[in-house]
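Fold and contact review
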Amino acid sequence: RCGGLPRWLPHASATGVYSATMLLGATLMATYPGESGPLVFATMLALGCGLAVLTGISVRLMQLARERATLSDNAADALAASEDRLKLALDKAQRAQQILQEQEARYRQIVNGASDIIYRTDENGHFNFVNSAAERVLEMTADTLIGRHYLTLIREDAREAAREFYAEQAMQQRANSYYEFPVTTGSGAEIWLGQNVQVIADDRGILGFQGMARDIT
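All figures in this text were calculated on a predicted structure; none of them were measured in a lab.

Here is what the cut-offs are and how they apply
Residues numbered from 1 in each chain as written. Predicted model: local features only at pLDDT ≥ 70, side-chain atom pairs only at ≥ 80, totals over all residues. Heavy atoms only, no water. Helix = DSSP H or I, 4+ residues; strand = E, 2+ residues; numbered from the N terminus. Expected span 1.5 Å × (residues − 1). Buried < 20%, exposed > 50% of the residue type's maximum accessible area, 1.4 Å probe, protein only. Arc of directions from axis to C-beta. Contact = heavy atoms within 4.5 Å. Pairing = 2+ DSSP bridges. Axes fitted to C-alpha atoms, helices over the stretch in contact; angles between N-to-C directions. Core = buried A, V, L, I, M, F, W, Y, C linked by side-chain atoms within 4.5 Å.

**Some thoughts on helix 8 (residues 159–172)**
Its 14 residues give helix 8 an end-to-end C-alpha distance of 20 Å, which sits within 8% of 20 Å, the value for a rise of 1.5 Å per residue. For helix 8, the complete set of buried residues consists of Ala162, Phe165, Tyr166, Gln169 and Ala170. When helix 8 is viewed along its axis, its buried side chains cluster within an angular range of 130° and face the same direction. As for helix 8, its buried residues are in contact with strand 3 (176–184), strand 4 (190–202) and strand 5 (205–215). Looking one or two places after helix 8, you find Gln173, whose phi comes out positive at around 50°.

**Considering the side chain of Thr121**
With respect to the secondary-structure elements, Thr121 resides in strand 1 (residues 117–122). Using a relative accessible area of 6% as the deciding quantity, one classes Thr121 as buried. Excluding anything up to four places from it in sequence, Thr121 contacts His126, Phe127, Asn128, Leu207, Gly208 and Phe209.

**Looking at the pairing of strand 4**
The pairing of strand 3 with strand 4 spans nine bridges and is antiparallel. Each bridged residue has a counterpart across the sheet, and for Tyr179 the counterpart in strand 4 is Gln195. By the bridge criterion, ten bridges tie strand 4 to strand 5 in an arrangement that is antiparallel. Residue Val199 lies in a different strand from strand 5, and its bridge partner there is Phe209. Linking strand 4 to strand 5, which pair antiparallel, is a turn of two residues.

**Overview of the sheet that holds strand 5**
Spatially, five strands are ordered 2-1-5-4-3 in an open sheet, and the strand pairing comes out antiparallel. Of all the strands in the sheet, the pair left with one neighbour each is strand 2 (127–130) and strand 3. Mean inter-strand twist for the sheet, computed between neighbouring axes without regard to direction, equals 25°. Across the face of the sheet, helix 8 comes into contact with strand 3, strand 4 and strand 5 while running at roughly 160° to strand 3.

**Overview of the nonpolar core**
Counting 27 residues, the largest nonpolar core has Ile117, Ile154 and Leu193 as the members making the most contacts within it. Of all the secondary structure elements, the ones that give two or more residues to this core are strand 1, strand 2, helix 6 (132–138), helix 8, strand 3, strand 4 and strand 5. Sequence-distant contacts of Ile154, that is, excluding residues within four places in its chain, are made with Arg159, Ala162, Phe181, Pro182 and Val183.

In structure tokens:
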């Protein structure tokens, strides 16, 4: 979900003429015309709305082409100039999207090449991302770990202390913490992990947690 959608967007989408994504992109184009367009495109791309922006520009270009066919020469020239600006903005938006994809690929390569466990959980403590080191150290596949609650990895007699520690961090929204605890691997072996955990939050509250753990056995 990127930003707040206009109230009319779901109703317009329901007509079947345009998807919600196309309408959102077109709304951005109408709201931010001219030179301010590329800045808006870059901002929205950074928020993960690249498809909406790119599709919206394409929709607007098709609209301008139809409108130009019914207008006078002067009006048609003005529309042609608008089309040129939109095409330039489309090129910039596509390049920005490509750069973001390349950066994400490099980031994933670094994370998966790390020797330490790197993971993220949702606000309730269920894993939604683990790197390759987590699979290797914990002797479990990513598919086995994703969706699993972090406490189930901790040795049973140490779970309550860990739960209280991280509950306090969440309640105080303390940015960082360090904690050591025993875990049971997929093969049944016991190892000790030392990990740093960060709270992921915004003005709506806690969104999740991200951590980096190391085998300190």
